[in-house]
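What follows is each chain in one-letter form.
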Amino acid sequence: MTTKSARLNIRLPEDDLRELEAIRERTGLQSVSDVVREAIQAYLHDEISTWNADKISATLPSALMEDVEMFIASGDATDISQAATLALAGWVEEKKRYYLEGKEALRQKVSEAVEERGTKKGMGRTAARMRVQ
């Protein structure tokens, strides 16, 4: 199987070139081209996995984070991103159910209570009138 490749020529400031060379030395890669190639692959991987997503940042209590990490370690999620996605998806579905189903059920209960209260008041007035006569 052959792999197509292309040569890219890019211009970078001297500071960036020095930093790429330092990264090459730290990582033990053969050339700056290898550093750039790995950086591009990492960037593409990140972009592909989040192309149709938004990133969030959250501050969590330590105890909650410990529980999340425990569940990830037990295989309930592959990583923190998936755990947060699963938790938020469950919360959103619960809210949708409440607003779509629960809210209507609450309206029905309030309507029935108002009707019942009106019936009781009407019966009370009728009974009071009957006593007066």
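Scroll up a little and you will see the structure.
Residues numbered from 1 in each chain as written. Predicted model: local features only at pLDDT ≥ 70, side-chain atom pairs only at ≥ 80, totals over all residues. Heavy atoms only, no water.

### Some details on the overall build of the chain
When helices and strands are tallied, the chain shows 4 helices and 0 strands. If you list the helices and strands of the chain from N to C, you get α-α-α-α. Considering the chain as a whole, with its 133 residues, one finds that 5% of them fall into the buried category. For the chain, the accessible surface area stands at approximately 12,400 Å², while carbon and sulfur atoms represent 55% of it. (Helix = DSSP H or I, 4+ residues; strand = E, 2+ residues; numbered from the N terminus. Buried < 20%, exposed > 50% of the residue type's maximum accessible area, 1.4 Å probe, protein only. Areas by Shrake-Rupley, 256 points an atom, 1.4 Å probe, with all protein chains shown as cover.)

### Observations regarding the layout of surface pockets
In this structure, the largest pocket spans a volume of roughly 720 Å³. Around the largest pocket sit 22 residues that line it, and Ile-56, Ile-80, Ser-81, Ala-84 and Thr-85 are the ones nearest its centre. Looking at the lining of the largest pocket, the elements with two or more residues in it are helix 2 (32-50), helix 3 (62-73) and helix 4 (80-132). No other element matches the 9 residues that helix 4 contributes to the lining of the largest pocket. Among the residues forming the lining of the largest pocket, the class breakdown is 13 nonpolar, 6 polar and 3 charged. (1 Å grid on protein atoms, 1.4 Å probe; cavity = no way out; pocket = protein on both sides within 12 Å on 5 of 7 lines; lining within 4 Å. Points joined across faces, edges and corners; volume = space filled by probe spheres on them. Nonpolar A, V, L, I, M, F, W, Y, C, P; charged D, E, K, R; others polar.)

### Quick look at helix 3
Counted at 1.5 Å a residue, the expected span for helix 3 with its 12 residues is 16 Å, and the 16 Å between its end C-alpha atoms agrees. Two residues or fewer past helix 3, Gly-75 is found with a positive phi of approximately 95°. (Expected span 1.5 Å × (residues − 1).)

### Re helix 1 (residues 14-27)
For helix 1, built from 14 residues, the straight-helix expectation of 20 Å at 1.5 Å per residue is met to within 8% by its first-to-last C-alpha distance of 20 Å. Following helix 1 by one or two positions, Gly-28 adopts a phi angle in the positive range, close to 75°.

### Concerning the environment of Tyr-98
Within the fold, Tyr-98 resides in helix 4. With relative accessibility at 40%, the residue Tyr-98 sits in the partly exposed group. If near-sequence neighbours (up to four positions away) are discounted, Tyr-98 is found in contact with Lys-103 and Leu-106. (Contact = heavy atoms within 4.5 Å.)

### Describing the pattern of salt bridges
The tally for this structure, following the rule as stated, stands at 6 salt bridges. Salt-bridge contacts for Arg-26 lead to Glu-19; the nearest nitrogen and oxygen are separated by 3.8 Å. Residue class for Arg-26 comes out exposed when judged on its relative accessible area of 59%. Between Lys-96 and Glu-93 there is a salt bridge; the shortest N-O distance is 3.6 Å. With a gap of 3 residues between them, Lys-96 and Glu-93 both fall in helix 4, about one helical turn apart. Classification of Glu-93 by relative accessible area gives partly exposed; the value is 39%. A cluster of three or more residues bridged by salt bridges with shared partners is formed by Glu-14, Asp-15 and Arg-18. (Salt bridge = Lys/Arg side-chain N within 4 Å of Asp/Glu carboxyl O.)

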